[in-house]
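Fold and contact review
Listed below are the residues making up each chain.
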Amino acid sequence: MGGMMAISLAERYPELIDNLIIGSSAAKADYTFRANLEIWKALAEAAGMNSHVVAQEIATKALTRNFLDTSVGASVVEAIPDTLERNCSLSIFKSSCDAMINMDLVAGLEKITARTLVMAGAEDVLTPIDQGPSGAGSRMITELIPNAQMYVFEHTGHGNLLEAPEESVAVIRKFLGATD
């Protein structure tokens, strides 16, 4: 949802943004993404925000199999229920899912003037680089924002910041022109 919010902000207030980084996002949800969000809402309502089954559903869509099979991956899954319950009520969670289901930011992409980096995980099943025909994934975002560039993290899913933190930081620093 953060990438969608960043796109919306950059489109509405281009004079305020010089550099834009969009990570693992979509400008419009396709059928599969919308279906996943509906499943998340139903599971959260049935099992509660702090349930292990909600954590597993989110984790298996956001992270790769290889990452989840590590001790770090397992600890991330174990932390999700408490994080969700502490930071998000059921009604806010469901409203956030509805916002992503209904969001269509495609028309505003070409209005973005900020220097833009679009980051995507090669194995992202939640917001894949190429969404189905009714959606708009990272590739389309990159193509429609003038002068945008895309970086694809091999062997990562939706959570490249968790799965490849050093590479993520290096890519961001390079984009922003940081020097050591």
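Structure: see above.
An account of the accompanying structure is given in this report. (Residues numbered from 1 in each chain as written. Predicted model: local features only at pLDDT ≥ 70, side-chain atom pairs only at ≥ 80, totals over all residues. Heavy atoms only, no water.)

One ladder, built from five bridges, connects strand β2 (residues 115–121) with strand β3 (residues 149–153); its direction is parallel. The residue bridging V118 from the neighbouring strand is M150, located in β3. With helix α7 (residues 138–144) bridging β2 and the parallel β3, this β-α-β connection has right-handed handedness. (Pairing = 2+ DSSP bridges. Helix = DSSP H or I, 4+ residues; strand = E, 2+ residues; numbered from the N terminus. Right-handed = clockwise from strand over helix to strand, strands pointing away.)

The next point concerns the nonpolar core. Ranked by internal contacts, the top residues of the largest apolar core, which has 43 residues, are L20, F33, F93, I112 and I141. At the level of secondary structure, the elements contributing two or more residues to this core comprise α1 (2–12), β1 (19–23), α2 (31–47), α3 (52–62), α4 (65–68), α5 (71–87) and α6 (90–102). Ranked by residue count, the leading element in this core is α3, at five residues. Core analysis: the next-biggest nonpolar cluster, separate from the first, contains six residues, L117, M119, F153 and F175 among them. (Core = buried A, V, L, I, M, F, W, Y, C linked by side-chain atoms within 4.5 Å. Buried < 20%, exposed > 50% of the residue type's maximum accessible area, 1.4 Å probe, protein only.)

On to a nonpolar patch on the surface, then. A cluster of nonpolar side chains, L9, Y13 and L16, forms an exposed patch at the surface whose accessible area comes to about 320 Å². Among the structural elements, Y13 can be located in the loop between α1 and β1. Classification of Y13 as partly exposed rests on a relative accessible area of 40%. (Patch = residues over 30% accessible without salt bridge, like charges linked within 9 Å, V, L, I, M, F, W, Y side chains within 5 Å. Areas by Shrake-Rupley, 256 points an atom, 1.4 Å probe, with all protein chains shown as cover. Salt bridge = Lys/Arg side-chain N within 4 Å of Asp/Glu carboxyl O.)

If you roll a probe as big as a water molecule over the atoms, it shows you where there is empty space left. Taken as a whole, the largest pocket spans an internal volume of roughly 790 Å³. For the largest pocket, the lining is made up of 31 residues, of which M1, W40, I58, A62 and H158 are closest to its centre. Elements with a contribution of two residues or more to the lining of the largest pocket: α1, α2, α3, α5 and α6. Looking at the lining of the largest pocket element by element, the count peaks at six residues for α5. Class assignment for the residues of the lining of the largest pocket results in 20 nonpolar, 11 polar and no charged. Taken as a whole, the second largest pocket encloses approximately 150 Å³ of empty space. Taken together, T60, K61, A62, L63, T64, R65, L68, E123 and V125 make up the lining of the second largest pocket. (1 Å grid on protein atoms, 1.4 Å probe; cavity = no way out; pocket = protein on both sides within 12 Å on 5 of 7 lines; lining within 4 Å. Points joined across faces, edges and corners; volume = space filled by probe spheres on them. Nonpolar A, V, L, I, M, F, W, Y, C, P; charged D, E, K, R; others polar.)

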